[in-house]
Amino acid sequence: MRRRLFSMLTAAAVACASVGVAVAGGVAPASASGTAAAAAAAETYTWKNVRIDGGGFVPGIVFNQKEKNLIYARTDIGGAYRWEQASKTWTPLLDWVGWDKWGYNGVVSLATDPVETNRVYVAAGMYTNSWDPNNGAILRSADKGATWQATALPFKLGGNMPGRGMGERLAVDPNRNSIVYLGAPDGNGLWRSTDKGVTWAKVASFPNAGNYAADPSDPNGYLSHRPGVVWVTFDPSSATAGNTTQKIYVGVADKANTVYSSADGGTTWTRVAGQPTGYIAHKGVLDHVNHTLYIATSDTGGPYDGAKGDVWKLNTTTGAWTQISPVPSSSADDYFGYSGLTIDRQNPGTIMVATQISWWPDVIFFRSTDSGATWTRVWDFTSYPNRSFRYTMDVSSSPWLTFGANPQPPETTPKLGWMTESLEIDPFDGNRMMYGTGATLYGTEDLKKWDTGGQFTIKPMVKGLEETAVLDLISPPSGAPLVSGLGDIGGFRHTNLDAVPPMMFTSPNFTSTTSLDYAETNPSIMVRAGNFTDSDRPNDSHAAFSTDGGANWFQGTEPSGINEGGTIAAAANGSRFVWAPKDVGVHYSVGYGNSWTASTGLPTNAVVESDRVNSNRFYGFSAGKFYASTNGGASFAATAATGLPTEGNVKFKAVPGREGDIWLAGGSTTSSGIWHSTNGGTSFTKLSNVTSAVNIGFGKSATASGYQALYAVATVGGVNGVFRSDDAGASWVRINDDQHQYGNAGEAITGDPRVYGRVYLGTNGRGILYADNGGVVPPVDTVPPTKPGTPVASAITSSGATLSWTASTDAVGVSGYDVYREAGATDVKVGSSVSASFALTGLTSDTSYTFYVIARDAAGNSSTASDPVTFRTLTGPVGGGCTATYTVSNSWPGGFQGEVTVKNTGTSATTGWTVKWSFPNGQTITQLWSGVHTQTGADVTVKNASWNGVLAAGASTSFGFGASWTGTNGVPSNVTCTAP
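Treat the numbers as computed from the prediction; the structure is a model and nothing was measured.

So, on to the overall build of the chain. Of regular secondary structure, the chain possesses one helix and 75 strands. Compactness check: the chain gives a C-alpha radius of gyration of 33 Å against a globular reference of 30 Å for 980 residues, within 12% of the reference. With the C-alpha coordinates of the chain rotated into their principal frame, the extents come out at 110 × 60 × 50 Å. The proportion of buried residues among the 980 residues of the chain is 58%. Carbon and sulfur atoms make up 51% of the accessible area of the chain, which amounts to about 35000 Å² in all.

Following the criterion strictly, the structure yields one disulfide and no others. Between the sulfur atoms of Cys882 and its disulfide partner Cys977 the distance amounts to 2.0 Å. Across the disulfide from Cys882 to Cys977, rotation about the S-S bond amounts to roughly -100 degrees, and the bridge is consequently left-handed. Here the residue Cys882 occupies a position in strand β68 (residues 882–892), and Cys977 occupies one in strand β75 (residues 976–978), the gap between them amounting to 95 residues.

So, about the pairing of strand β67 (residues 869–872). Because side chains alternate across β67, one face comprises the buried residues Val869 and Phe871, and the other comprises Thr870 and Arg872, none of which is buried. Pairing between strand β66 (residues 848–857) and β67: four bridges, direction antiparallel. Note on β67: the bridge partner recorded for Thr850 is Thr870.

Below, the discussion takes up the environment of Arg658. As for its position among the elements, Arg658 is in the loop between β50 (649–654) and β51 (662–667). For the pair Arg658 and Leu401, spaced 257 residues apart in sequence, the C-alpha to C-alpha distance is 41 Å. Leaving out residues up to four positions away in the same chain, Arg658 has contacts with Val613, Gly706 and Tyr707.

Within the open sheet, the five strands sit side by side as β3-β57-β56-β55-β54. Their pairing is mixed. Where the open sheet ends on each side, the last strands, each with one partner, are β3 (41–42) and β54 (692–699). Of the strand pairs in this sheet, strand β56 (residues 719–725) and strand β57 (residues 733–734) are connected by two bridges, and their pairing is antiparallel. Among the inter-strand pairings, Arg724 is bridged to a residue of β57, identified as Val733.

Attention shifts here to the side chain of Arg766. By the secondary structure assignment, Arg766 is in the loop between β59 (759–763) and β60 (768–772). At a separation of 3.0 Å, a polar atom in the side chain of Arg766 contacts the side chain of Asn49. In this view, Arg766 contacts Asn49, Gly78, Tyr81, Pro92, Asp95, Glu466, Thr468 and Tyr742; residues no more than four positions away in its chain are not counted.

What follows deals with the sheet that holds strand β26 (residues 351–356). In space, the four strands of this open sheet follow the order β25-β26-β27-β28, with antiparallel pairing throughout. Only two strands of the sheet have a single neighbouring strand rather than two, namely β25 (337–343) and β28 (376–377). Here five bridges tie β25 to β26, and the two strands are oriented antiparallel to one another. The residue bridging Gly337 from the neighbouring strand is Gln356, located in β26.

Residues Trp47 and Asn49 of strand β4 (residues 46–49) are buried on one face, while the alternating residues Thr46 and Lys48, pointing to the opposite face, are not. For β4 and β60, the ladder comprises four bridges, and the chain directions are antiparallel. Pairing of Trp47 across the sheet is with Ala771, part of β60.

For the structure shown, the criterion picks out 30 salt bridges. Across the pair Asp498 and Lys48 runs a salt bridge, and its minimum N-O distance is 3.4 Å. Of this pair, Asp498 sits in the loop between β38 (493–494) and β39 (512–518) while Lys48 is found in strand β4, placing the two residues 450 residues apart along the sequence. The exposure class assigned to Lys48 is partly exposed, which follows from its relative accessible area of 37%. In this structure, Lys459 engages Asp394 in a salt bridge whose closest nitrogen and oxygen atoms are separated by 4.0 Å. Residue Lys459 is located in strand β35 (residues 456–460), and its partner Asp394 is located in the loop between β31 (391–393) and β32 (423–425); the two are separated by 65 residues in the primary sequence.

Right, let's talk about the nonpolar core for a bit. Among the nonpolar cores identified, the biggest contains 55 residues, and Phe365 and Leu416 are the most heavily contacted of them. The biggest single contributor to this core is β26, with four residues. Aside from chain neighbours lying at most four places away, what touches Phe365 is Met352, Val353, Ala354, Thr376, Arg377, Val378, Leu416, Thr420, Leu423, Tyr435 and Trp450. Grouped together as the second largest cluster of nonpolar side chains are 22 residues, Trp917, Phe959, Phe961 and Trp965 included.

Summarising the model, the chain shows a mean pLDDT of 92, and 95% of its residues fall at 70 or more. Low confidence marks residues 1–39, where pLDDT is under 50. Its contacts with residues over four positions away, or in another chain, come to 111 contacts.

Positionally, Arg617 belongs in the loop between β46 (607–610) and β47 (618–622). A polar atom in the side chain of Arg617 sits 3.0 Å from the side chain of Tyr619.

The subject of this paragraph is the packing of aromatic side chains. Taken as a whole and judged by the stated rule, the model has 49 aromatic pairs. The interplanar angle of 65 degrees and the centroid separation of 5.0 Å between the aromatic rings of Trp83 and Trp90 together place this pair among those described as edge-to-face. Each member of the pair, Trp83 together with Trp90, is buried. What links up through ring pairs into an aromatic cluster is the set Tyr886, Phe896, Trp913, Trp917, Phe919, Phe959 and Phe961. Over the face of the ring belonging to Phe510 we find Arg528, whose NZ or CZ atom lies 4.7 Å from the ring centre.

Taken together, the side chains of Tyr304, Trp359, Trp360, Phe381 and Tyr384 present a nonpolar region at the surface, about 580 Å² in accessible area. Mapped onto the elements, Trp360 comes out in the loop between β26 and β27 (365–368).

So, about unusual backbone geometry. Note the cis peptide between Gly302 and Pro303, where omega equals 5 degrees. Looking at where Pro303 falls in the secondary structure, it is placed in the loop between β22 (292–298) and β23 (311–315). Of note, the bond from Pro409 into Pro410 is cis; its omega dihedral lies within 30 degrees of zero at 15 degrees. Here Pro410 lies in the loop between β31 and β32. The phi torsion at Asp53 lies on the positive side, around 70 degrees, for a residue other than glycine. Mapped onto the elements of the fold, Asp53 is located in the loop between β4 and β5 (60–63). We note that Ser371 has phi near 60 degrees; this positive angle belongs to a residue other than glycine. The topology assignment puts Ser371 in the loop between β27 and β28.

Basis of the calculations
Residues numbered from 1 in each chain as written. Predicted model: local features only at pLDDT ≥ 70, side-chain atom pairs only at ≥ 80, totals over all residues. Heavy atoms only, no water. Helix = DSSP H or I, 4+ residues; strand = E, 2+ residues; numbered from the N terminus. Rg over C-alpha atoms; globule rule 2.2 N^0.38 Å. Buried < 20%, exposed > 50% of the residue type's maximum accessible area, 1.4 Å probe, protein only. Areas by Shrake-Rupley, 256 points an atom, 1.4 Å probe, with all protein chains shown as cover. Disulfide = S-S within 2.5 Å. Pairing = 2+ DSSP bridges. Contact = heavy atoms within 4.5 Å. Polar contact = N/O pair within 3.5 Å; in protein donor to acceptor, adjacent residues only side chain to side chain. Salt bridge = Lys/Arg side-chain N within 4 Å of Asp/Glu carboxyl O. Core = buried A, V, L, I, M, F, W, Y, C linked by side-chain atoms within 4.5 Å. pLDDT = per-residue confidence, 0-100. Phe/Tyr/Trp six-rings, centres within 6.5 Å; stacked < 30°, edge-to-face > 60°. Lys NZ or Arg CZ within 6 Å of the ring centre and 35° of its normal. Patch = residues over 30% accessible without salt bridge, like charges linked within 9 Å, V, L, I, M, F, W, Y side chains within 5 Å.

Here it is as C-alpha cells:
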C-alpha cells in the first residue's frame, strides 16, 4: 500500500470518545501531516480545479429543513460539498483530508442540523473490507464545514461500498439537536450520540443490524458487505423544541424486516406491523403534516442494480399500509426497483420517486400530487420507439454529458440519468429540484411546469463539484496545456483550464484511459491506451493515436488477447511506440499501430516509458528491476541497478532534453522514496531527503539554463505533501498546505513545461487540480558550490577503480559532480555522479592516471576543481584475460539470434578462450557459428574455433548463434570469459 496505516480502535469498544482533533480551516490532524517545522520550506500556492464539472456518482443531496439555500452533497470517493447560492456553485469541504485518512473522502452519509443550522455531520470511510486500512469516523462541524473535528469509530464505514445510495443513515433530532443517530453497516447496528456527535454508543435495544448482502460468499469482501441500518427519520411533531423526539423510524437492509420504529425516544424499538416484505426500503421520507411515512423499495442494495420494487405509504396514526407503486412489482412492466424519494414540503401531497435502476432507455421519474393515488411519468412512450417528454435538457454548460453519442430512439442523449438514488425537492421552493447521477448532478428551477402541461428545464447544477478519478496527465511543450486520462469518462484535451471542455475523447471512446504519452520532440504526436467493455466492441483496439495534439484520434490494430490498456509510450520523435497492455506481453510498433511485434526481455505488466531525447531508447520497470532498450523497444535487458522497490505502486519518467536522465518514485511501506539515474537506468541513487513517495513529474526550470523543476507527491522532513525542487532534488519546498491535501492524490502529477511553478495533480475523486505560485521565480543563484574534497581511489584493479570525496555544499543544493581525467592540454570528462563517489572502468592495466572532480548546482554554477588524485592500475593477467559481451541481435516469436563479443583484456596474446553463461528462461541453442558449444540444461559453454582462439592484446572476435525461446527471453545475468 502506498498510504500510511494508522492504529485502529478495537472493535470490542462500545463507546468511543472524541479524538479531540480540530481541523480548522481544513488543518489536518497532526498524524496526517507531521510537524510543519520539521518539513521543507513552504511556498504559497493557489490551488483550483481544472474544470470538468462532475464526472462521478453523487449518491446524496441534503437540504436543511430550516435554512433556505443551505444544501449539501455527498460523493462516494470525492468528499462532501456545500452549495453557494450567490454563485450557484459547490464548495468542497474535505480537501484537508490527508494520506493517512484518505478513506474519509468516502462519505456514506451527511446530516445538517435543523436547529443550529451551522452544524453539519459527515459519516466518513470508504471501504469496509481490507482496501481501506482505517476505521470510519464521524466528522462534525459547527461552521457549515469550514472547520471540523473527528470522532473515530470502532468499525469501518463504506462510502464506496454496495448500498451507498441508501439513506440518510445520519440524522439529527429536530427537537433536541444534541441527539444524533447513525445507522451502521456489517452487523454494527444503530448508534447514538447525545452530545452533538462528540461521543457515540451503540443502541443496545435496537433489534436488527440487517442481514442483506449482494453476495455473502464474495471472497473480496465487497459484495459480501452488509449495508445494515440504512436510514433514520424523525417525526418532529412527536415532541416540542428542546425535548427528545419520541417517534423515530429506521430502515434496515433486511427484506423481511425493513422498517422499525420507536415511540419513546429510542428507548425501545419494534418492527412496524403490517409492513411489506420481499424488498429493502432504500429511503424513508416522513410527511409529518399528514402523518404519512413513504418508503421506496428495491430487491437489491444498488446502486448498479435493482430489478423489482414498490412504493408504500404508512399512515402513522392508524398503522395502515397502502401500496402506491407507480408500476407495482407484480407487473411485468416493472423491471426496476425504486430509490430516489422526495416530497414537496410546501405541498406535502406532492411526492416524487425515481427508478432503481432503469438503464434502458432511461431513468424514470414519477410524480404524484395526491399522495400517491395517481402518478404521471417524466416521459411516456407514444408510438414505439418514440417518446414524449415533460422536460427538456440543456447541457450547454457541460456539453460532454452527451458522451458524443448518437443513439437511436427510444434512447436519447444526454440521458436523463442513471443510479439516481438521491432526488430532492427544495423544502422552501417546490420549483427547485436536484438529483444525483453516476456522472453529474442535475437540477431544475421550474419543476411545477410538470403539473401544468409544460416542459420544465433540466440543467447541470454541478459547477465546483469535481469527482473524477485521474489515471494519467501530460502537459506537452506546445498545443493544449493539459491532456487528461480519466476513469469512467475517458479523458479530455484541456485548452482552457478554467472552462469545461466541450467533449471527452471519442472516436475512439475509452471508458477509462489508463496511459497517455506524447513525442517529446514532436509533441503533436500523442498516444493513449485504455479500457472499454470488450463484448460491446469485439476486435476493437485499446490504443489510439493523434497527430494534432489530441484534437483528433485514430486507431490501428492490436496484439491478440488485450482486454485492458496498461501503459504505453511514444518515442521521442514519434516514430514508434512501445505498449505494455495488462496481462499481455510487451509489444512495439513502428508507425501508428498498423502492426505490432513482440518485444523481448521485459516482463508482462511492466511499466514502460520512453527516453525524451533518443528515439531508440525505451525503459521498463517491474518488481524491483529496471530494464532498458536501445533498439526502439525490440528488446530489453535488465540493467545492473539495485536497491529499487520490489513492491507497491512505482512510477518513473525520463527528463526532457537529457538523454538517460530518469527519476523513479513510489514503493511500499517497507521501501519507498525517490531514485535518480543519469546513465539510462544502469544505476540509481536514492534521495536521502525523501523518506517515501507516490509520484514525480517535471516542469519548466526556474532559470533558462537550469535543471527542470521537479514536482513530487512525497514525504519530506516527516511531512506528507506536494513538493517542488529547483535543484534536481537537493532541496524541496512544500507547495500545498494542510487545507489542500486531497487524500487520494498522486496517481498522476506533472509540471507545465511552459509556465514555471505550475503543477497539475491528479486525484482519485477530487478531479484534476492545478496550482500556481503567481509566476514567482526564485532569485538567480550565482554562488557556486564549495570545492569538493580531494578524491580517494579505492578498489583499484587492472581496469578500474572507485573514487570518493568529501561532498560540496551549496546555498541551494548540489545537483551533481563531473569527473575529469587529466590528459595534457585538454582534460577528458569521464562521467557524472549525483553522489560523492564514482566508479571508473575501462582503464588500461599498469598505467598511471590522474583525476579531479567539479561540483555543480541546478543553476549551472560550477565549483573550483578539487585537488587531483593520482594512482596506478594493477598489472593485468599474464597471457591475456578476457571479457565477453552478450547481445540479442534479432528476435521473432519463438526464436532469436544472439551475438557474443570476446575481447582480450590482458597484456599478451591469448592462445584460446572459453565463454560460459546460464540461460534464465530455458532458451535452447539450435545452431552456433565461429565457436564450438555444448549445452546442458540452461548451462552453455562455448570454446573458440580453430581460427579465432589467438587474440592479440586488446583484440576482439565474436561468435553468433540461433536459439529458441518460450514466454520470456531474458538476457543471462553473468557471462564469463577465461583465457589461458
